[in-house]
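Report on the structure
In case you want the letters, here they are:
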Amino acid sequence: MTEEQLYKGQLQHNISLAEFTSWRVGGCAERFYQPVNIDDLAHFLASLPTNEPLTWLGLGSNVLIHDAGIAGTVIHTQGNLTGLSQPENLIIRAEAGIACGQLARHTARLNLAGLEFMAGIPGSVGGALAMNAGCHGGETWQFVTAVETIDRAGKVRIRNVNDFNVGYRFVERAADEWFVAGYFLLKAGDKQVSLQKIRELLDHRAATQPTNEPNCGSVFRNPPGNYAARLIEQSGLKGVSVGGAQVSEKHANFIINTGQATAKNIEDLIQLVHSEVAAKHQITLIREVHFLGNR
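Presented here is a report on the structure given in the accompanying data block. (Residues numbered from 1 in each chain as written. Predicted model: local features only at pLDDT ≥ 70, side-chain atom pairs only at ≥ 80, totals over all residues. Heavy atoms only, no water.)

If you look at the biggest cluster of nonpolar residues, it comprises 31 residues, and the most contacted ones within it are Leu103, Leu115, Met118, Leu129, Trp141 and Phe184. Going through the elements one at a time, strand 7 (91–95), helix 3 (100–109), helix 4 (125–131), strand 11 (144–151), strand 15 (177–185) and helix 5 (191–208) are the ones with two or more residues in this core. With residues up to four places along the chain from it excluded, the contact list for Trp141 reads Ala128, Leu129, Asn132, Val147, Val161, Phe164, Val166, Val171 and Phe179. By size, the runner-up hydrophobic cluster in this structure holds 25 residues, among which are Leu64, Val219, Ile270 and Val289. (Core = buried A, V, L, I, M, F, W, Y, C linked by side-chain atoms within 4.5 Å. Buried < 20%, exposed > 50% of the residue type's maximum accessible area, 1.4 Å probe, protein only. Helix = DSSP H or I, 4+ residues; strand = E, 2+ residues; numbered from the N terminus. Contact = heavy atoms within 4.5 Å.)

Next comes the structure, spelled out in structure tokens:
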């Protein structure tokens, strides 16, 4: 049976990943697959060797892909796994490739309240589920009632929230099993109230974060009782650069690509910030951003 008969999505080879990440850096994917839907993804995964390295990529907003690229296959969900439905009155099912902002606006327009905060998360539903993304007092898994996962054999399962260990910016899941959809239990709300909350949140984000410059979102988690941005600023690191990577003057927990940054520049700057904060405040910052690929 040919590849074309097994799956319907687009498989490409040696594709630059820089255009698929919000930092606009990173090397090539050895193989890059964009599925048509979850069934197609299942067929594709079942066709792969069991030892094939797999990497999952959504909006690319919380990852740093190394300059040498990624071996094996990258599964690109953003813009591909985009199913949105309302299986019950207060429950929304959203697939992994839906942008968090899109989900926030969609639920608001249905007069459902709770996910307004997701408009401030610069990622996709798959990434939000994988890391319990949050902002402005809300966290993804506060509203999750179930998830759909897929394994490397292409088997799709519906799992209860009790199957996962969830914490601050952390979700422990079964090895070789990935999120492809989430079910969100919301409350009855008012469309106009929710949309106004979203507008205010986005205005605040634009005023306080470098949203018009390439960045990955927050680089470090906030330590208990403190803020990473405050610690970084107090360490005198605002505006500090390594090559084309710079600690944002607008928000110190953001690193921007000023135009010519490499992934190595960004990684070196992350390590510099980590070391300086530890030396000056005796606090070890934990990265939110995930490093992917070959060094």
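This part is about the pairing of strand 11. Counting buried residues along strand 11, seven of its eight residues qualify, which places the element largely inside the surrounding structure. Where strand 11 meets strand 15, seven bridges bridge the pair, whose relative direction is antiparallel. Bridge pairing links Thr149 to Phe179 in strand 15. As judged from the five bridges shared by strand 11 and strand 12 (residues 156–160), these two strands associate in the antiparallel manner. (Pairing = 2+ DSSP bridges.)

This next bit is on the packing of helix 3 against helix 5. Axis separation between helix 3 and helix 5 bottoms out at 8 Å; the angle between their running directions is 155 degrees. Taken together, the axes of helix 3 and helix 5 are roughly antiparallel relative to one another. Residues Ala104, Arg105, Ala108 and Arg109 of helix 3 lie in contact with helix 5, whose contacting residues are Lys191, Ser194, Leu195 and Ile198. Here the contact of helix 3 with helix 5 is composed, by residue class, of four nonpolar, one polar and three charged. (Axes fitted to C-alpha atoms, helices over the stretch in contact; angles between N-to-C directions. Parallel < 35°, antiparallel > 145°, perpendicular 65-115°, else oblique. Nonpolar A, V, L, I, M, F, W, Y, C, P; charged D, E, K, R; others polar.)

Quick look at the packing of aromatic side chains now. Under the counting rule described, the total for this entry stands at nine aromatic pairs. For the pair Phe164 and Phe179, a centre-to-centre distance of 5.4 Å together with 50 degrees between the ring planes defines the contact as tilted. Pair noted here: Phe164 is in the loop between strand 12 and strand 13 (165–167) and Phe179 is in strand 15, with a separation of 15 residues, a long-range link. Phe179 gets classed as buried once you look at its relative accessible area, which sits at 6%. (Phe/Tyr/Trp six-rings, centres within 6.5 Å; stacked < 30°, edge-to-face > 60°.)

So, on to the environment of Arg169. Within the secondary structure, Arg169 sits in the loop between strand 13 and strand 14 (170–172). When the C-alpha positions of Arg169 and Asn212 are compared, they lie 25 Å apart, and in sequence the two are 43 residues distant. Residue contacts for Arg169: discarding those within four places in its chain leaves Met131, Asn132, Ala133, Gly134, Cys135, Glu139, Arg221 and Glu288.

Strand order across the open sheet formed by four strands is 1-2-5-3, with mixed pairing between neighbours. Edge positions in the sheet fall to strand 1 (10–16) and strand 3 (54–57), since each has one partner strand and no second. Neighbour-to-neighbour, the strand axes of this sheet turn through a mean angle of 30 degrees, independent of strand direction. As judged from the four bridges shared by strand 2 (residues 28–34) and strand 5 (residues 70–76), these two strands associate in the parallel manner.

Turning next to the pattern of salt bridges. Scanning all chains against the criterion turns up 14 salt bridges. Between Glu95 and Arg93 there is a salt bridge; the shortest N-O distance is 3.0 Å. Each member of the pair, Glu95 together with Arg93, is buried. Among the ionic pairs, Lys280 bridges to Glu276, the shortest N-O distance being 3.3 Å. One end of the pair is Lys280 and the other is Glu276, both in helix 7 (residues 263–281) and four residues apart, which spans about a single turn. One network of salt bridges, in which partners are shared, links Asp151, Arg157, Arg159, Asp163 and Glu177. (Salt bridge = Lys/Arg side-chain N within 4 Å of Asp/Glu carboxyl O.)

Now for unusual backbone geometry. With phi around 50 degrees, Asn132 is a residue other than glycine that occupies positive phi space. Looking at where Asn132 falls in the secondary structure, it is placed in the loop between helix 4 and strand 9 (134–135). Given the relative accessible area of 1%, Asn132 is considered buried. Of note, the phi angle at Arg169 is positive, near 55 degrees, even though the residue is not glycine.

On to the sheet that holds strand 15. An order of 6-7-15-11-12 is seen for the five strands of this open sheet, with the pairing classed as antiparallel. With one partner strand each, in any of the chains shown, strand 6 (84–88) and strand 12 form the two edges of the open sheet. Adjacent strand axes in the sheet meet at a mean angle of 25 degrees when their direction is disregarded. The strands touched by helix 2 (residues 38–47) are strand 7, strand 11, strand 12 and strand 15; relative to strand 11, the strand with the most contacts, the crossing angle is about 35 degrees.

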